[in-house]
Amino acid sequence: MSAPRILVLDDEADLRELLEITLLKMGLDVDSAATLRQARNLFEERDYALVLTDMRLPDGLGLELVREIAASGKGTPVAVITAYGSAENAVVALKAGAFDYIAKPVALDALRVMVRSALKLSEGAAAADGGAVDSRMIGHSPAMQSLRAQIARLARSMAPISITGESGSGKELAAREIHAQSSRASKPFVAVNCGAIPETLMEAEFFGYRKGAFTGAAEERDGFFQAANGGTLMLDEVADLPLAMQVKLLRAIQERRVRKIGATSEEPVDVRIISATHQDLARCVETGRFRQDLFYRLNVIELALPPLRERMDDLALLADGILNRLAGPGQASLGPGVLEALKAYSFPGNVRELENVLERALAFANDGAIQVGDLSLKAARPVEGGRRETMTPVAAPAPVPPAVEVVQAPPRPLTAPVALGPAELPSNLPEYLEQVERDIIQRALQQTQFNRTQAASLLGISVRQLRYQMQKLDICAPDD
């Protein structure tokens, strides 16, 4: 079997020769060109596993070749070489369809990583030609078919993606789908909730730290970037990042290098960034809550997820999938009129709310057959953007507390810690303290009807600290 062939386009003879030697040592075949015309002729004559092009050429721009190859239908990945510090050019190339970019002076280790990723991408594309991709994004509606097609295209690129959509619409699922269909599928996928990390811990959590870097740093630890090296890092609720952290994150994304706290040198990381938020990032930029340069870095390609109310044709498929997961295949079903009752509701909480509704109804159902009376849907609820959807209420078998419409049972029972006598000691101090802390936080949330801001005020901590503790202790609120 012949080795994959790479086309290198650059007008600098020295750099072209360096790239050729590096690629040949990797066991690849290489064709070189100094002009756009030469490159176009070679591309018409042969099939390439990767095209590597400079941005500025004697007879035009490498961006022209990027667009032509993207429109050719061959699916050949193209990577561009940009001048040092020309982040804007890299963003433009990625939007035009480039697979990835590399900055001058070319770092050979980064070049090798990028080439290997591109070759895996070409192999995956060839294998996928024989059949459809098995997607976890359920639905046959036009909106979902379009979404799956977009995901298949985006998976072939290294460009940062910004996923937008209402809460509960499946942003993390879409990010995982992009990762699963990409050349990075065998590498880690790390999802981070930016709103759940205390500000004082953010740098350590993202970039890691060396032993002794600060009080309590008893051993060296990797951060999220190192954990996701070679794979995908998803920044969920990225709008919640404080401005100081936004600056550090921007540098890490641009330079593809991070420095642990306490370290004197940076280390390279190969990570694809996918960000997600239910907020309007452009509005956050206008109000000064989000840096414009980071916004453009993250928002190279935007993927908008449709809310559930815009794809009600998928409701039956979604309900079947959820019930199969909750009760087992064929163990639960929807009775007469239930699907119609669900379709009459707006589902402001989207698929997550649908799952909560069905889980609650299944608890009331007899023999797994859900009836209309087992549902609990409120007449009107706010929808993203401040609108309100009015729907016909469906009776519930038991009243629901006014501040909790659909409650997902917490993973841990709500029980107070066992009281200890004056001379008694806990057999496991960390577990006992966790139990005490969980009980206090749950009581504060119940007293404030799960209003995090009020609960944090009662406990004398910030909302960010409360979110972090809730995540650490597996405490679920109704809107989680």
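This is a predicted model, so every value here is computed, not measured.

Cut-offs applied
- Residues numbered from 1 in each chain as written.
- Predicted model: local features only at pLDDT ≥ 70, side-chain atom pairs only at ≥ 80, totals over all residues.
- Heavy atoms only, no water.
- Phe/Tyr/Trp six-rings, centres within 6.5 Å; stacked < 30°, edge-to-face > 60°.
- Buried < 20%, exposed > 50% of the residue type's maximum accessible area, 1.4 Å probe, protein only.
- Lys NZ or Arg CZ within 6 Å of the ring centre and 35° of its normal.
- Core = buried A, V, L, I, M, F, W, Y, C linked by side-chain atoms within 4.5 Å.
- Helix = DSSP H or I, 4+ residues; strand = E, 2+ residues; numbered from the N terminus.
- Domains from an automatic or database assignment.
- Contact = heavy atoms within 4.5 Å.
- UniProt positions renumbered as here; feature names shortened; annotations may be inferred.
- Pairing = 2+ DSSP bridges.
- Axes fitted to C-alpha atoms, helices over the stretch in contact; angles between N-to-C directions.
- 1 Å grid on protein atoms, 1.4 Å probe; cavity = no way out; pocket = protein on both sides within 12 Å on 5 of 7 lines; lining within 4 Å.
- Points joined across faces, edges and corners; volume = space filled by probe spheres on them.
- Arc of directions from axis to C-beta.
- Right-handed = clockwise from strand over helix to strand, strands pointing away.
- Parallel < 35°, antiparallel > 145°, perpendicular 65-115°, else oblique.
- Nonpolar A, V, L, I, M, F, W, Y, C, P; charged D, E, K, R; others polar.
- Patch = residues over 30% accessible without salt bridge, like charges linked within 9 Å, V, L, I, M, F, W, Y side chains within 5 Å.
- Areas by Shrake-Rupley, 256 points an atom, 1.4 Å probe, with all protein chains shown as cover.
- Salt bridge = Lys/Arg side-chain N within 4 Å of Asp/Glu carboxyl O.
- Lys, Arg positive; Asp, Glu negative; His and termini not counted.
- Charge placed at Lys NZ, Arg CZ, Asp CG, Glu CD.

1. Topic: the packing of aromatic side chains
One pass over the structure, following the stated rule, counts six aromatic pairs. Residues Phe206 and Phe207 carry aromatic rings whose centres are separated by 6.4 Å and whose planes lie at 55° to one another, so their mutual orientation is tilted. Its relative accessible area of 0% is what places Phe206 among the buried residues. The buried category is assigned to Phe207, whose relative accessible area is 4%. One cation-aromatic arrangement involves Lys74 over Phe43; the distance from NZ or CZ to the ring centre is 4.4 Å. For the cation-ring pair, Arg256 lies above Tyr101, with the distance from its terminal atom to the ring centre recorded as 4.3 Å.

2. Points about the nonpolar core
General note: in soluble globular proteins, nonpolar side chains tend to be found buried as a group. Of all hydrophobic cores here, the largest spans 43 residues; its most connected members are Val51, Ile161, Ile163 and Leu303. It is helix α4 (residues 87–96) that provides the largest number of residues to this core, a total of five residues. Residue-level mapping places this core at the junction of two domains, with at least three residues from each of domain 1 (5–126) and domain 2 (142–304). With residues near it in sequence (within four places) discarded, Val51 still touches Leu7, Phe43, Leu65, Ile69, Thr76, Pro77, Val78 and Ala79. Among the nonpolar cores identified, the runner-up in size contains 31 residues, and Val192, Met202, Val258 and Val271 belong to it.

3. Quick word on the UniProt feature "modified residue: 4-aspartylphosphate" (unreviewed entry) in the protein chain
What UniProt calls "modified residue: 4-aspartylphosphate" (unreviewed entry) maps, in this numbering, to Asp54. Tracing the backbone shows Asp54 in strand β3 (residues 50–54). Note on Asp54: relative accessible area 6%, which makes it buried. Excluding residues that lie within four positions of it along the chain, Asp54 makes contacts with Leu9, Asp10, Asp11, Gly62, Ile81 and Lys104.

4. Brief notes about the sheet that holds strand β7 (residues 100–103)
Judged by pairing direction, the sheet is parallel, and its five strands sit side by side in the order β2-β1-β3-β6-β7 without closing on themselves. Edge positions in the open sheet fall to β2 (29–33) and β7, since each of these has one partner strand only. On average, adjacent strands in this sheet sit at an angle of 20° to one another, irrespective of strand direction. As paired elements, strand β1 (residues 5–9) and β3 share four bridges and run parallel to each other. Note on β3: the bridge partner recorded for Leu7 is Val51.

5. A few points about the layout of surface pockets
As a volume, the second largest pocket reaches approximately 1100 Å³. For the second largest pocket, the lining is made up of 42 residues, of which Tyr101, Ala103, Gln254, Glu255 and Arg256 are closest to its centre. Elements supplying a minimum of two residues to the lining of the second largest pocket: α4, β7, α5 (108–128), α10 (243–255) and α12 (292–298). Here the lining of the second largest pocket takes seven residues from α5, the largest share from any one element.

6. A few points about helix α3 (residues 62–72)
Residues Gly62, Leu63, Leu65, Val66 and Ile69 constitute the buried set of α3. Within α3, the buried residues cover an arc of 155° as seen down the axis, which keeps them to one side. A positive backbone phi angle near 85° is found at Gly73, which sits one or two residues after α3.

7. A short note on the pairing of β1
Buried residues dominate β1, accounting for four of its five residues. The pairing of β1 with β2 spans five bridges and is parallel. Residue pairing in the sheet places Leu9 in a bridge with Ala33 of β2. Handedness of the β1-helix α1 (residues 13–25)-β2 crossover: right-handed.

8. Points about the packing of helix α17 (residues 452–459) against helix α18 (residues 463–472)
At a minimum axis distance of 9 Å, the contact between α17 and α18 shows a crossing angle of 95°. With respect to their mutual orientation, α17 and α18 come out roughly perpendicular. Contacts from Arg452, Thr453, Ala455, Ala456 and Leu459 of α17 reach α18 at Val463, Leu466, Arg467 and Met470. Its residues assigned to classes, the contact of α17 with α18 shows six nonpolar, one polar and two charged.

9. Describing a positive patch on the surface
Where like charges cluster on the molecular surface, the positive patch consists of Lys25, Arg112, Arg116, Lys120 and Lys187. Considering every element that reaches the positive patch, the biggest residue donor is α5, with three residues. Among the structural elements, Arg116 can be located in helix α5. On the basis of relative accessibility, which here comes to 44%, the residue Arg116 falls in the partly exposed class.

10. Focus on the pattern of salt bridges
What the rule picks out here adds up to 26 salt bridges. Across the salt bridge formed by Glu220 and Arg210, the nearest N and O atoms sit 3.4 Å from each other. Remark: Arg210 occurs in the loop between α8 (202–207) and α9 (224–227) and Glu220 occurs in the loop between α8 and α9; sequence separation between them is 10 residues. For Arg210, a relative accessible area of 35% translates into the label partly exposed. Each member of the salt-bridge network shares a partner with another, and the members are Arg5, Asp29, Asp31 and Arg46.

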